[in-house]
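Single-letter residue listing:
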Amino acid sequence: MSTLVATRAPLSRQLRSELRWIVRRPRTVIGLSALCLVPVLAGIGLWFAVDGDGAAGGPGLAAIIAGNGLVLPIFTLFLALPLLLPLVGAIWAADGLAGESQHGTLRGLLLSPVGRLRLLAIKSFGVATMTLFAVTLIAFVGAITGVILFGGQGMLTLSGNTLPFIDALGRIALTIVLVTIQVWGVAAIAMAISACTEHPLVVMAATMAGVIVSAVLGLFSALDWLQPYLITSGWEGLIDVMRDPLPTEQLWNSTALAGCYILIGLSLSAMRLATKDS
């Protein structure tokens, strides 16, 4: 008489399966398509802000965009970071656990031979990978749009000097990494909330409410003591990637803060999954 023994699928296969599950959802395709429109619309808007003599008509990054198309992907990422990218990360985190629970599939996953921490790692990998892809996609479309509309021989920094083409690409890549880590911090908190509810909309609403409240609290000077702990407090410092030589203090502090949120969010998720009834 033969007995059936539950076997564990290879980790690589599980990771690929998670990515396919995310990519095949219609909302993912629609969301990524919408993200591609952000740099295009931003580029067109900045193009109209440049007069016929090539002088920009606005302050800040808009004032140095003329003839420096490689600034556009960085400008677009900063434009999307306060709300759009955290929302995207929250949506994928909400679908990862709360969405599965709502559709009744999480019970089967918890009863499967896959360990709960392994399950959390797979779900977190899917969210992290798709977040990196979304940020990279915005930067790529932004770079193409910027080169077409404004040219891309180099990058004029906020310090007043111009970086050569290769160094400009390096700054764009650095911005992608930094912004992705910030969104991972938000998504990790969303994952913790997702482990505690069966309603994805609750996860998205709670996460975005937290981001907005964090940004509002950062506006009050009386709450300066709270600044180092707010997840949004380091986002403004990321503009240092547009300076030369590159100052690293603000970049490191914001990255370390996001790393703490990632650790806290995933730890809370693991604690909840470990005690969650199947």
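Model, not experiment: these values are computed from the prediction. (Residues numbered from 1 in each chain as written. Predicted model: local features only at pLDDT ≥ 70, side-chain atom pairs only at ≥ 80, totals over all residues. Heavy atoms only, no water.)

Draft legend 1. Spotlight on a nonpolar patch on the surface. Taken together, the side chains of Leu 83, Ile 212, Val 216, Leu 219 and Phe 220 present a nonpolar region at the surface, about 490 Å² in accessible area. The topology assignment puts Ile 212 in helix α8 (residues 200–217). (Patch = residues over 30% accessible without salt bridge, like charges linked within 9 Å, V, L, I, M, F, W, Y side chains within 5 Å. Areas by Shrake-Rupley, 256 points an atom, 1.4 Å probe, with all protein chains shown as cover. Salt bridge = Lys/Arg side-chain N within 4 Å of Asp/Glu carboxyl O. Helix = DSSP H or I, 4+ residues; strand = E, 2+ residues; numbered from the N terminus.)

Draft legend 2. Expanded view of the side chain of Ser 194. With respect to the helices and strands, Ser 194 occurs in helix α7 (residues 165–194). On the basis of relative accessible area, Ser 194 is assigned to the buried category, the value being 1%. Within the structure, the side chain of Ser 194 is placed 3.4 Å from the backbone oxygen of Ala 94, a separation counted as a polar contact. Once you skip the residues sitting within four places of it in the chain, Ser 194 turns out to touch Ala 93, Ala 94, Leu 97, Ala 98 and Val 203. (Buried < 20%, exposed > 50% of the residue type's maximum accessible area, 1.4 Å probe, protein only. Polar contact = N/O pair within 3.5 Å; in protein donor to acceptor, adjacent residues only side chain to side chain. Contact = heavy atoms within 4.5 Å.)

Draft legend 3. Main features of the packing of aromatic side chains. This model, assessed by the stated rule, comprises one aromatic pair. Summarising the aromatic geometry, the rings of Trp 47 and Phe 48 are spaced 5.1 Å apart at their centres and angled 75° between planes, so their arrangement reads as edge-to-face. The partly exposed category is assigned to Trp 47, whose relative accessible area is 43%. (Phe/Tyr/Trp six-rings, centres within 6.5 Å; stacked < 30°, edge-to-face > 60°.)

Draft legend 4. Here's a closer look at the layout of surface pockets. Here the largest pocket is characterised by a volume of approximately 310 Å³. Lining the largest pocket are 14 residues, with Ala 215, Thr 232, Ser 233, Trp 235 and Glu 236 sitting closest to its centre. Each residue belonging to the lining of the largest pocket can be placed in one class, and the counts come to eight nonpolar, five polar and one charged. (1 Å grid on protein atoms, 1.4 Å probe; cavity = no way out; pocket = protein on both sides within 12 Å on 5 of 7 lines; lining within 4 Å. Points joined across faces, edges and corners; volume = space filled by probe spheres on them. Nonpolar A, V, L, I, M, F, W, Y, C, P; charged D, E, K, R; others polar.)

Draft legend 5. Focus on helix α3 (residues 72–80). Burial of α3 is extensive: seven of the nine residues sit out of reach of the surface. Among all positions in α3, only Leu 72, Pro 73, Ile 74, Thr 76, Leu 77, Phe 78 and Ala 80 are buried.

Draft legend 6. Representation of the side chain of Arg 171. Its place among the elements puts Arg 171 in helix α7. According to the relative accessible area criterion, Arg 171 is buried, its value standing at 10%. Filtering out sequence-adjacent residues up to four positions away, Arg 171 remains in contact with Ile 74, Met 155, Leu 163, Val 241, Met 242, Arg 243, Asp 244 and Leu 246.

Draft legend 7. Spotlight on the nonpolar core. Counting 53 residues, the largest nonpolar core has Leu 77, Leu 85, Trp 92, Met 155 and Val 179 as the members making the most contacts within it. Listing elements by their share of this core, those giving two or more residues are α2 (26–48), α3, α4 (84–102), α6 (116–150), α7, α8 and α9 (249–275). At ten residues, α7 tops the list of elements feeding residues into this core. Beyond its immediate sequence surroundings of up to four residues, Val 179 is in contact with Leu 77, Leu 81, Leu 85, Val 135 and Leu 238. (Core = buried A, V, L, I, M, F, W, Y, C linked by side-chain atoms within 4.5 Å.)

Draft legend 8. How the structure looks around the packing of α3 against α7. Interhelical geometry of α3 versus α7 gives an angle of 15° and a closest axis separation of 9 Å. Taken together, the axis directions place α3 and α7 in an arrangement best described as roughly parallel. Here the hand of the crossing between α3 and α7 comes out left-handed. Where α3 abuts α7, its residues Pro 73, Ile 74, Leu 77 and Phe 78 lie against Arg 171, Ile 172, Thr 175, Ile 176 and Val 179. The class makeup of the residues in the contact of α3 with α7 is seven nonpolar, one polar and one charged. (Axes fitted to C-alpha atoms, helices over the stretch in contact; angles between N-to-C directions. Parallel < 35°, antiparallel > 145°, perpendicular 65-115°, else oblique. Left-handed = near helix turned anticlockwise from the far one by under 90°.)

Fair warning: the whole summary comes from geometry, so function is off the table for now.
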